[in-house]
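Next come the chains, spelled out residue by residue.
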Amino acid sequence: MVIAGWGQGAVAGIVAVLLAGGDARAQEGTASSPPSGEIVVEAQLEEVERKVETLTRRITRRPRTDKPISRRYSAICVGVHGMTESFAHVLIDRVEDNARELGIPVLGPGCQVNTLIAFASDSRAEIERLRKAEPWLFDTLLDYEYDRIMRGNGAVQAWQATEVKGADGKEFATMVVGNPPREVQMNKQPFASNISQQLRVDIEGSIVVFDNAHVPGKSLQQLADYATMRLFAPTDDVSKGDVSEGGVSEGGGAGVPTILSLFAEAGDAPDGLTSFDRAYLGALYKLPPTARGAAIHDATWSAYRSANYEVAETAD
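Overview of the structure. (Residues numbered from 1 in each chain as written. Predicted model: local features only at pLDDT ≥ 70, side-chain atom pairs only at ≥ 80, totals over all residues. Heavy atoms only, no water.)

## Here's the deal with the overall build of the protein
Scanning the protein for helices and strands turns up seven helices and ten strands. Within the span of the protein, comprising 316 residues, buried residues form 48% of the whole. At a minimum sequence separation of 6, the contacts of the protein that also span at least 24 residues come to 78%. (Helix = DSSP H or I, 4+ residues; strand = E, 2+ residues; numbered from the N terminus. Buried < 20%, exposed > 50% of the residue type's maximum accessible area, 1.4 Å probe, protein only. Contact = heavy atoms within 4.5 Å.)

In structure tokens:
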């Protein structure tokens, strides 16, 4: 647990703020519980499946061409900037608990932050400042990936630093080839399959920056669980145009609540991780390391269905 800087003083410019006027109810809040064991017929189930798959597609950031979907493999060290210490501890504890549920190791006191939650008076301006002052934070991002960060609803910006490795987790070897000589990265792991590349994509660091103007009224549990979805999975949030009463709108999976709608400014946001969110994260962290992005769709639905529904048999 760390309330300190991201390595190399990367976010030293983020102004510490007291969440005056904000709602500290998260310390007593409870997460949304799934409707366990609800019995449905096949026709109803098909409609739910369509909604879950639509929402899964809506929030998942597409991996780069021919690369597996990314996730966290190594231990995390969570840090918070811009929040009073007592609130920050609650936030960190919740994120660490969520990580442990996914099997992500958590480092102890004195660790170097690699998972940062920050609060800034102007989150977009802070990102632009960081890109100039600390370009190493964005080294692994392509231009379209940086543009995707800034395309959000203005309340939150999030991104992850990733590294492609062999499926066994070993880093690529650097080799010199050609004339004139040049350095290339080589995967020295033997290929066990002709169908899939023996690669995985590791999240090595992740950052979520909240804009202070959008924070009042949000509980610490909501903020921590929202951050969990953005820190440990390649996800986008849900914009206000996607939300209607009872969950995300028709274009994004109507009636399927997600904490990623926290800043959508329409409807009531969940208190914490929803049944869908837990199914999505659980599915992601059970996929094979080499799984492509499309694999998360069926995996999420399978996890969601198992957690929530029993199928009623119908007469012929």
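## Quick word on the pattern of salt bridges
Counted by the stated rule, this structure contains 13 salt bridges. One salt bridge in this structure joins Glu47 and Arg50, with 2.7 Å as the shortest N-O distance. Residue Glu47 and its partner Arg50 are both found in helix H1 (residues 42–59); the two are separated by three residues, about one turn of the helix. When the shortest N-O distance is used, the salt bridge between Lys165 and Glu204 registers 3.0 Å. (Salt bridge = Lys/Arg side-chain N within 4 Å of Asp/Glu carboxyl O.)

## With respect to the packing of helix H6 (residues 275–284) against helix H7 (residues 295–308)
Running from amino to carboxyl end, H6 crosses H7 at an angle of 125 degrees, the nearest separation of the two axes being 8 Å. Between H6 and H7, the crossing angle belongs to the class labelled oblique. Once H6 is placed against H7, the crossing between them reads as right-handed. Every residue of H7 that contacts H6 at Ser275, Phe276, Ala279, Tyr280, Ala283 and Leu284 is listed here: Ile296, Ala299, Thr300, Ala303, Tyr304 and Asn308. The class makeup of the residues in the contact of H6 with H7 is nine nonpolar, three polar and no charged. (Axes fitted to C-alpha atoms, helices over the stretch in contact; angles between N-to-C directions. Parallel < 35°, antiparallel > 145°, perpendicular 65-115°, else oblique. Left-handed = near helix turned anticlockwise from the far one by under 90°. Nonpolar A, V, L, I, M, F, W, Y, C, P; charged D, E, K, R; others polar.)

## A word on the packing of helix H2 (residues 85–101) against helix H5 (residues 220–231)
The interhelical angle for the contact between H2 and H5, taken along N-to-C directions, is 45 degrees, at an axis separation of 9 Å. When the axis of H2 is compared with that of H5, the two are oblique. Pair H2 / H5 crosses with right-handed handedness. Counted together, Phe87, Val90, Leu91, Arg94, Val95 and Asn98 of H2 and Leu220, Gln221, Leu223, Ala224, Asp225, Thr228 and Leu231 of H5 form the full contact between these two elements. Residue composition of the contact of H2 with H5, grouped by class: eight nonpolar, three polar and two charged.

## Re the nonpolar core
Formed by 56 residues in total, the largest nonpolar core has its most connected members in Met83, Ile117, Phe119, Phe210, Leu223 and Phe232. If one sorts the elements of this core by residue count, H5 sits on top with seven residues. Counting residues in hydrophobic clusters, the runner-up holds 17 residues, among them Val113, Phe138, Ile149 and Met150. (Core = buried A, V, L, I, M, F, W, Y, C linked by side-chain atoms within 4.5 Å.)

## Concerning the sheet that holds strand S4 (residues 156–166)
Consider a sheet: its strands pair through backbone hydrogen bonds, and that pairing is either parallel or antiparallel. Taking strand neighbours across the sheet as the criterion, the four strands line up as S2-S3-S7-S4 in an open arrangement whose pairing is mixed. The strands lining the two open edges of the sheet, one partner per strand, are strand S2 (78–81) and S4. Shown here is a sheet whose adjacent strand axes are inclined to one another by a mean of 15 degrees, direction ignored. Lying over the sheet, helix H3 (residues 123–133) contacts strand S3 (115–120), S4 and strand S7 (199–211), oriented at roughly 40 degrees with respect to S4. Running at roughly 145 degrees to S7, H5 makes contact with S3, S4 and S7 of the sheet. (Pairing = 2+ DSSP bridges.)

## A short note on the packing of aromatic side chains
The tally for this structure, following the rule as stated, stands at seven aromatic pairs. Ring plane angle 55 degrees and centroid distance 5.9 Å describe the contact between Phe210 and Tyr226, whose orientation is recorded as tilted. With a gap of 16 residues between them, Phe210 in strand S7 and Tyr226 in helix H5 connect regions that are remote in the sequence. With respect to class, Phe210 is no different from Tyr226; both count as buried. Site record: aromatic cluster; members linked through ring pairs are Phe119, Phe210, Tyr226 and Phe263. Over the face of the ring belonging to Tyr73 we find Arg200, whose NZ or CZ atom lies 3.8 Å from the ring centre. (Phe/Tyr/Trp six-rings, centres within 6.5 Å; stacked < 30°, edge-to-face > 60°. Lys NZ or Arg CZ within 6 Å of the ring centre and 35° of its normal.)

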